[in-house]
Amino acid sequence: MGRFSHLFPKATIGAYLTAFAAVIALPLIGFVVFLMLQLEHSEREVLNAETAQDAQLLGRTIDRDLRDMATTLTLLGNSPELERGELEAFHRRTQDSLRGSSLYALLVAEDGQLLLNTRVPFETALGKMGNLPSLASALRSGRTEVSDVFRGATSGNWVFNLTHPLPREMAGEGAALILTQNVTDLKDVLSTEGLPPGWSAAVVDQTGKVVAVNGASNLPIASAFPADTLLLMRGENGTIEDVGGSPKQMYGYYIHPEWAWRVIVWGPIASAQATILSTWRSLIVGSLVLLLIGFGFASLVGRQLRVSIREIAAMAERIGRGEIVSPVDTKIVEANQVAIALSNASFDRSQAEDRIHLILHELVHRTKNILTLIQAMMRQLARQGTTMEEFQTAISTRLQGLGRSIEALAREQWAGVPMRRVIEIHLANFDETLKQVDMRGEDFTLKAEAVQNLGLILHELTTNSMKYGALSTPHGRVLISWGDIATESGEQTLKLVWSESGGPPVRTPSSTGFGTTIIKRHAAAAFVGRADVDYLPEGFRWTLTAPRNQLERTAEDRRQEAAKLG
């Protein structure tokens, strides 16, 4: 570059801006001509990629819905009522679980005879299911399969099934569990909001029939999608163009490897490209006009920039020396904004450094607390003499519970979480438990340490109740109550009670494990109070009595946190 420096004489920034505009003018005009020739081809490639991506996104959305249904089937298949052959109880519980959704559960025998259907009352006489081939296929493969679209025998609507074969040892209760859904409910999933005007989206089953459609197309449900178009769709994801018709059509598709359903988006190519081409042409023409206008203002702008740049450079040099500077006033608004920003930066720098040190100190403190809690948990579990697998399982479940508490605190920026919210977070991870739990007490905000410790205790109490107590039966109940109690010292004291009823007969355990350590010794130590465990005839009861300030995040706590952050 030094050899050519003599070609660049000393000049104002305005002169260089004018020369720069002149140098790029002629090449720009030629480039515009070339761009117009290449633009359509480039936009066609973009349209291909976006169409394939739209089909893939919709396909994955459908896949998530089907996987959620498969997960629901797996959970229903492990229902204790089904294992015991209590079909009426299973019907009632499944109907309650699916209420509010558009799903219905079926239990069928190997010959297709319906044993129950949550669309109708349990006592309703049932015939055979409406799609026997899908049942036979799932029983042969031994895995969960989705059916083609068909007319439901009970509902009379167009539906599809997700069939889950039951284990051989449950053959006496039925051969398969099925979730059925009206295909009209899939239309909401096939959002065409991001598609070009006049485009459509559809789900097509393995036989080439339309399961659901949304958008401009008027294809009826269960009609055959054009077979010649389907034959061109090779691979899992891609696009094809139908150039034979008018207007020309583009198809994007996604074929799911597990379910073998196709998700297709399609529409006229012209409608997708018209707006983009028009916008680009306007942009190019506008750029040329603005370039010509720029020649007139280049010199003036350059002069103003030169003055502003010199003043801001002087500010920057003073900041580099560690000085606090005041903003300069120039003729350029943006330059004034930069000057104000530099001035503010000089004031904020020292405060920012102090704040960073404080945040790092707080992070180290909270991390040490969490690691100390985990270390204590591992030591206690290691003393139980369990196998490595049992140790890993116990650690994993408790770390998950601790993780939920930390996640809730992080959302609140470690400012505490309401009591009811903490209870709901730890009970919601166990299916159906919230329906069997009542909460009674005036809500208040727990401090961060209390959220973590109470979360561990609630996890242990819920796990124990799910295994041995009230939550192990559909009719069991748990009451969690809290409130202030009077004490002789006059100190504000909180009493928190976990009380079970309606469960199996209560027996005092012959030995205690880590769970008992958590709900008794850890609870008492963590909250500087007293934890009592009672095995009463009516049900298990756990009681914590502790100073309220050990749990509640007070106004003084908030003032101290604000003072730390400046």
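It should be emphasised that the depicted structure is a prediction, and the values quoted were computed from it without experimental measurement.

Engineer: Hey, could you go over the overall build of the chain for me, with residue numbers and the actual values?
Structural biologist: Of the regular secondary structure elements, the chain holds 12 helices and 18 strands. Residue pairs in contact within the chain that sit at least 24 positions apart in sequence constitute 60% of those at least 6 positions apart. Counting only carbon and sulfur atoms, one obtains 56% of the accessible surface of the chain, whose full area is about 31400 Å².

Engineer: An account of a nonpolar patch on the surface is needed here, citing residue identities and associated values.
Structural biologist: On the surface, Val-285, Val-289 and Ile-293 cluster together to form a nonpolar patch covering roughly 250 Å² of accessible area. In this fold, Ile-293 is placed in helix H6 (residues 269-320).

Engineer: Describe the pattern of salt bridges, listing the residues and the values that go with them.
Structural biologist: A full pass over the atoms with the stated rule returns 10 salt bridges. Among the ionic pairs, Glu-81 bridges to Arg-93, the shortest N-O distance being 3.2 Å. Taken as a pair, Glu-81 in helix H2 (residues 80-83) and Arg-93 in helix H3 (residues 87-98) lie far apart in primary sequence, 12 residues in all. Residue classification places Glu-81 among the buried positions, given a relative accessible area of 3%. The exposure class of Arg-93 is partly exposed, given its relative accessible area of 31%. Where Arg-477 meets Asp-438, a salt bridge forms, and the shortest distance between an N and an O atom there is 3.0 Å. Taken together, the residues Arg-477 in strand S15 (residues 477-485) and Asp-438 in strand S13 (residues 437-440) connect sequence positions 39 residues apart. A single network of salt bridges, built from pairs that share partners, joins Asp-63, Arg-67 and Glu-258.

Engineer: Just give me the short version of the packing of aromatic side chains, but keep the residues and values in it.
Structural biologist: Per the counting criterion, the structure on display carries five aromatic pairs. Ring plane angle 85 degrees and centroid distance 5.3 Å describe the contact between Phe-225 and Trp-266, whose orientation is recorded as edge-to-face. Residue Phe-225 is located in the loop between strand S8 (210-215) and helix H5 (227-231), and its partner Trp-266 is located in strand S11 (residues 262-268); the two are separated by 41 residues in the primary sequence. Taken individually, Phe-225 and Trp-266 each receive the classification buried, so the pair is uniform in this respect. Ring pairing ties together the aromatic residues Phe-225, Tyr-251 and Trp-266, which thus form one cluster. Looking at Arg-548, its charged tip hangs above the ring of Phe-444, at a distance of 4.5 Å from the centre.

Engineer: Any details on the sheet that holds strand S7 (residues 200-204)? Residues and values, ideally.
Structural biologist: The pairing of strands in a sheet comes from backbone hydrogen bonds and takes either a parallel or an antiparallel form. The sheet built from five strands is open, its strands ordered S8-S7-S11-S10-S9 with antiparallel pairing. Where the open sheet ends on each side, the last strands, each with one partner, are S8 and strand S9 (237-242). Across the sheet, the mean angle from the axis of one strand to that of its neighbour is 20 degrees, orientation sign disregarded. In terms of strand pairing, S9 meets strand S10 (residues 249-255) through six bridges, oriented antiparallel. Bridge assignment links Ile-240 to a residue of S10, and that residue is Tyr-251.

Engineer: With reference to specific residues and values, describe H3.
Structural biologist: The terminal C-alpha atoms of H3, which comprises 12 residues, lie 16 Å apart, in line with the 16 Å expected from a rise of 1.5 Å per residue. Ala-89, Phe-90, His-91, Thr-94 and Leu-98 are the residues of H3 that are buried. Of the residues flanking the end of H3, it is Gly-100, one or two places downstream, whose phi is positive at about 95 degrees.

Engineer: Quick rundown of the environment of Gln-550? Include the residues and the values.
Structural biologist: Relative to the elements of secondary structure, Gln-550 occurs in the loop between strand S18 (539-547) and helix H12 (555-564). For Gln-550, a relative accessible area of 28% corresponds to the partly exposed category. Apart from residues lying up to four places away in sequence, Gln-550 is in contact with Lys-447, Ala-450, Ala-526, Phe-527 and Val-528.

Engineer: Mind laying out the packing of helix H9 (residues 419-427) against helix H10 (residues 448-467), listing which residues take part and the relevant values?
Structural biologist: Geometry of a packed helix pair, given as the angle between the helix axes and the separation of the axes. Close contact between H9 and H10 brings their axes to 9 Å; oriented N to C, the two are set at 45 degrees. Between H9 and H10, the crossing angle belongs to the class labelled oblique. Note on packing geometry: the crossing formed by H9 with H10 is right-handed. Taken together, the residues of H10 that come into contact with H9 (itself represented by Met-419, Val-422, Ile-423, His-426 and Leu-427) are Val-451, Leu-454, Gly-455, Leu-458 and Thr-462. A class-by-class count of the residues in the contact of H9 with H10 yields seven nonpolar, three polar and no charged.

Engineer: Could you give an account of the pairing of S10, with specific residues and numbers?
Structural biologist: A large share of S10 lies buried, amounting to seven of its seven residues. Of the two faces of S10, the one lined by Gln-249, Tyr-251, Tyr-253 and Ile-255 and the one lined by Met-250, Gly-252 and Tyr-254 are each fully buried. The hairpin turn running from S10 into S11, its antiparallel successor, is six residues long, and Ala-260 in that turn takes a positive phi close to 65 degrees.

Engineer: Any details on the nonpolar core? Residues and values, ideally.
Structural biologist: Within the largest apolar cluster, 43 residues are counted, with the highest numbers of intra-cluster contacts made by Ile-62, Leu-66, Phe-160, Leu-177, Leu-190, Val-211 and Trp-261. Broken down by element, this core gets its largest block of residues, nine residues, from helix H1 (residues 13-77). In contact with Leu-177, not counting residues within four places along its chain, are Leu-73, Leu-76, Gly-77, Leu-82, Phe-90, Leu-106, Leu-107, Leu-162, Thr-163, His-164 and Leu-166. Judged by nonpolar contacts, the second largest core, of 33 residues, contains Leu-446, Val-451, Ile-518 and Leu-544.

Engineer: Just give me the short version of empty space enclosed by the protein, but keep the residues and values in it.
Structural biologist: By the definition in use, this model includes three cavities of 30 Å³ or more. What lines the largest cavity is a set of 14 residues, and nearest its centre among them are Leu-106, Gly-152, Ala-153, Thr-154 and Thr-180.

Engineer: Explain unusual backbone geometry to me, and be specific about the residues and the numbers.
Structural biologist: A negative phi angle is the norm for most residues apart from glycine, just as the trans form is the norm for most peptide bonds. A positive phi angle, close to 75 degrees, is found at Ala-222, a residue other than glycine. Within the secondary structure layout, Ala-222 lies in the loop between S8 and H5. One non-glycine residue, Val-528, lies in positive phi territory at about 50 degrees. Among the structural elements, Val-528 can be located in the loop between helix H11 (514-526) and strand S17 (530-536). Residue Val-528 is classed as exposed on the basis of its relative accessible area, which comes to 53%.

Engineer: Explain the environment of Gly-174 residue by residue, including any values.
Structural biologist: Within the secondary structure layout, Gly-174 lies in the loop between strand S5 (158-165) and strand S6 (176-182). Sequence-wise, Gly-174 and Glu-110 are 64 residues apart; in three dimensions their C-alpha atoms are separated by 7.1 Å. With near-sequence residues (within four places) excluded, Gly-174 lies in contact with Leu-107, Val-108, Leu-115 and Leu-166.

Cut-offs used in this document
- Residue positions are counted from 1 within each chain, in the order its sequence is given.
- Confidence filtering applies because this is a predicted model: local features only for residues at pLDDT of at least 70, side-chain atom pairs given and counted only at 80 or more, and all residues used for totals across whole chains, interfaces and linings.
- Side-chain measures here rest on the full set of heavy atoms in the structure, leaving out hydrogens and waters.
- Counting from the N terminus, the helices are the DSSP runs of H or I reaching at least four residues and the strands are the DSSP runs of E reaching at least two.
- Contacts were defined at the residue level, with two residues in contact if any of their heavy atoms lie within 4.5 Å.
- Working definition of accessibility: Shrake-Rupley area with a 1.4 Å probe, residue cover restricted to the visible protein chains.
- Each patch is built from residues lacking any salt bridge and having more than 30% relative accessible area; the joining distance is 9 Å for like charges and 5 Å for nonpolar side chains (Val, Leu, Ile, Met, Phe, Trp, Tyr).
- When a carboxyl oxygen of Asp or Glu lies within 4 Å of a side-chain nitrogen of Lys or Arg, that pair is called a salt bridge.
- The classification of residues rests on relative accessible area computed with a 1.4 Å probe and restricted to protein chains. Under 20% of the type maximum is buried, over 50% is exposed, and intermediate values are partly exposed.
- Two aromatic rings from Phe, Tyr or Trp, using only the six-membered ring of Trp, form a pair when their centres are within 6.5 Å; if the ring planes differ by under 30 degrees the pair is stacked, by over 60 it is edge-to-face, and anything between is tilted.
- By definition here, charges over rings are those cases where NZ of Lys or CZ of Arg is within 6 Å of the ring centre and within 35 degrees of the ring normal.
- Two strands qualify as a pair provided that DSSP identifies no fewer than 2 bridges between them.
- To obtain each axis, a line is fitted to C-alpha atoms, and for helices this fit is confined to the stretch in contact; angles are then taken between N-to-C directions over 0 to 180 degrees.
- To estimate the expected span of a helix, count its residues, drop one, and scale the result by 1.5 Å.
- With respect to orientation, any angle under 35 degrees is reported as roughly parallel, any angle over 145 as roughly antiparallel, any angle of 65 to 115 as roughly perpendicular, and every other angle as oblique.
- Here is the rule for handedness: rotate from the far helix to the near one, and if that takes an anticlockwise turn smaller than a right angle the crossing is left-handed, while a clockwise turn gives right-handed.
- Amino acids outside the nonpolar list (Ala, Val, Leu, Ile, Met, Phe, Trp, Tyr, Cys, Pro) and the charged list (Asp, Glu, Lys, Arg) are all regarded as polar, and Gly is one of them.
- By nonpolar core is meant a set of buried Ala, Val, Leu, Ile, Met, Phe, Trp, Tyr and Cys residues that side-chain atoms within 4.5 Å join together.
- Definitions used for this entry: grid spacing 1 Å over protein atoms alone; cavity, a set of points where a 1.4 Å probe fits but cannot get out; pocket, an open set with protein on both sides within 12 Å along at least 5 of 7 lines; lining residue, one with an atom within 4 Å of a point.
- Grid points are joined across faces, edges and corners, and a volume is the space filled by probe spheres set on the points.

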